[in-house]
Amino acid sequence: MLPRQKVTDPFLISGPTRRTFLAGLAAIGTGTAQTPNAAPHRIDVHNHVAPPGYMAELKRMGLTQAALQVWTPAKAVEDMDRGGVATSITSISPPGIWFGDDATARRIARICNEYEARLAADHPGRFGMFVNLPLPDVDGSLREIEYGFDTLKADGVCFYTSYGDKWLGDPAFAPVYEELNRRKAVIYTHPISANCCRNVLPGIGDGAIEWGTDTTRAITRMIFGGAAARYPDIRAIFSHAGGTMPFLVERFVNLAKGSQYSSQLPQGFLASAKKFYYDTAQTSNPAAMSALTKVIPASQIVFGTDFPYRTAAEHVKGLTECGVFSPKELAAIDRENALTLLPRFRTSRAA
């Protein structure tokens, strides 16, 4: 069983009935967003929501979070308008869905996914969704992938970087990767605290250090473990500019040249790393963006905000002022790069 994990985020909203939810599914993605401000156009791939059923479970387990407790759809849209965001692709933030019991995880995943689909239906063009999975429950995850894509019309799948002592790319999850590869799916990944590394430093939350490190572990596990090569049609987005990967890249490049991996990675580490996408959430600063763009081209960077923990406007300001990108590159990061993964939103630009 995974130990319970304390987090520093929360959300609270009212949800639809199942009947009204199902009635609204047909409306998903069929409209164009309208706002009172001037032409929001950005696509935010890193945006968190707070389904009431999920919040109730967190409260029952004593895992409350302040930022999420005050989340509402209206506040999300308001932040999007202020930051020029036309569309946000939603997912559930840590502590996640699985707390040691498969049946409970499946139930929570379904609650969260149906809520996100209803949010998208109620705000055509403004929201998309990544399917939340009850991993490490493989069978439950396969069912949720089918329901999420075929019934809810999801835009991709949300993974965490690790599940207890297994990281993204672990062979234990092979049936899930095989199905997502068959569907040529987009997967968005969010860091979380692995069993090894919770509350390492007194007074320093795991998100400050460990989550960036866990993102790096997931990237390296995907590449050096062979999953990136075995499932080439999966298109992956890693959060927070790839964590510490850009800083450690010299080590990974040299590791790939060694006898253990040279035949497996004939084109080296960078060839695989450059196929992934990386978002800007909490990393819209000169140091992070400079390091990332020394490893991958700007065409692989997508806009992300980590709302409600940070705002869209903060990230727009950071990216504009960091001095790393040309106006053309900024425009691509804002929208065009994401459209290569999420083409259905091409017409969802607020007037």
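Residues numbered from 1 in each chain as written. Predicted model: local features only at pLDDT ≥ 70, side-chain atom pairs only at ≥ 80, totals over all residues. Heavy atoms only, no water.

Caption draft 1: Structural detail: the packing of helix α5 (residues 102-122) against helix α6 (residues 138-150). With their axes 10 Å apart at the nearest point, α5 and α6 run at an angle of 20° to one another. Classified by the angle between their axes, α5 and α6 sit roughly parallel to one another. In the crossing of α5 with α6, the sense of the turn from one axis to the other is right-handed. From α5, Arg106, Ala109, Arg110, Asn113 and Glu114 reach across to α6, where they touch Asp139, Gly140, Arg143, Glu144 and Tyr147. When grouped by side-chain class, the residues that make up the contact of α5 with α6 number two nonpolar, two polar and six charged. (Axes fitted to C-alpha atoms, helices over the stretch in contact; angles between N-to-C directions. Helix = DSSP H or I, 4+ residues; strand = E, 2+ residues; numbered from the N terminus. Parallel < 35°, antiparallel > 145°, perpendicular 65-115°, else oblique. Left-handed = near helix turned anticlockwise from the far one by under 90°. Contact = heavy atoms within 4.5 Å. Nonpolar A, V, L, I, M, F, W, Y, C, P; charged D, E, K, R; others polar.)

Caption draft 2: Inspection of a nonpolar patch on the surface at higher detail. A contiguous nonpolar surface patch, about 330 Å² in accessible area, is contributed by Val200, Leu201, Ile204 and Ile209. You can see Leu201 is positioned in the loop between β7 (186-190) and α8 (206-224). Take Leu201: its relative accessible area is 43%, and that puts it in the partly exposed class. (Patch = residues over 30% accessible without salt bridge, like charges linked within 9 Å, V, L, I, M, F, W, Y side chains within 5 Å. Areas by Shrake-Rupley, 256 points an atom, 1.4 Å probe, with all protein chains shown as cover. Salt bridge = Lys/Arg side-chain N within 4 Å of Asp/Glu carboxyl O. Buried < 20%, exposed > 50% of the residue type's maximum accessible area, 1.4 Å probe, protein only.)

Caption draft 3: Highlighting the sheet that holds strand β10 (residues 301-302). An order of β1-β2-β3-β4-β7-β8-β9-β10 is seen for the eight strands of this open sheet, with the pairing classed as parallel. Since the sheet does not close on itself, it has two edges, and those belong to β1 (42-48) and β10, each with one partner. When strand β9 (residues 277-279) meets β10, the two strands line up parallel, connected through two bridges. Bridge assignment links Asp279 to a residue of β10, and that residue is Val302. Its contacts with the sheet put α8 on β7, β8 (235-238) and β9, and the angle it makes with β8 is roughly 160°. (Pairing = 2+ DSSP bridges.)

Caption draft 4: The arrangement of the state of the cysteines in detail. This structure, assessed with the given rule, holds one disulfide. In this model, Cys196 is linked to Cys197 through a disulfide, with the two sulfur atoms separated by 2.3 Å. Around the S-S axis, the bridge from Cys196 to Cys197 shows a dihedral of about -95° and counts as left-handed. For Cys197, a relative accessible area of 11% gives the class buried. (Disulfide = S-S within 2.5 Å.)

Caption draft 5: Inspection of the nonpolar core at higher detail. Counting residues in each nonpolar core, the largest one holds 86 residues, and the members touching the most others are Phe159, Leu180 and Phe269. When residues in this core are grouped by element, the largest group, eight residues, is from α5. In this view, Phe159 contacts Leu133, Leu135, Leu168, Val176, Tyr177, Leu180, Ile187, Tyr188, Thr189 and His190; residues no more than four positions away in its chain are not counted. In this structure, Ile43, Cys158, Leu339 and Phe345 belong to the second largest nonpolar core, which totals 15 residues. (Core = buried A, V, L, I, M, F, W, Y, C linked by side-chain atoms within 4.5 Å.)

Caption draft 6: Seen up close, the environment of Pro136. Assignment of secondary structure puts Pro136 in the loop between β3 (127-132) and α6. Remark: the alpha-carbon pair of Pro136 and Phe173, spanning 37 residues in sequence, is separated by 7.6 Å. Every residue in contact with Pro136, bar those within four places of it in the chain, is listed here: Trp98, Tyr163 and Phe173.

Caption draft 7: Layout of the side chain of Thr161. When you line up the elements, Thr161 lands in the loop between β4 (156-160) and β5 (162-163). Under the relative-accessibility criterion, Thr161 is labelled buried at 0%. In terms of polar contacts, Thr161 uses its side chain to reach the backbone amide nitrogen of Ile192, at 3.3 Å. When near neighbours in sequence (up to four residues on either side) are disregarded, Thr161 contacts Trp167, Leu168, His190, Pro191, Ile192, Asp214, Thr215 and Ala218. (Polar contact = N/O pair within 3.5 Å; in protein donor to acceptor, adjacent residues only side chain to side chain.)

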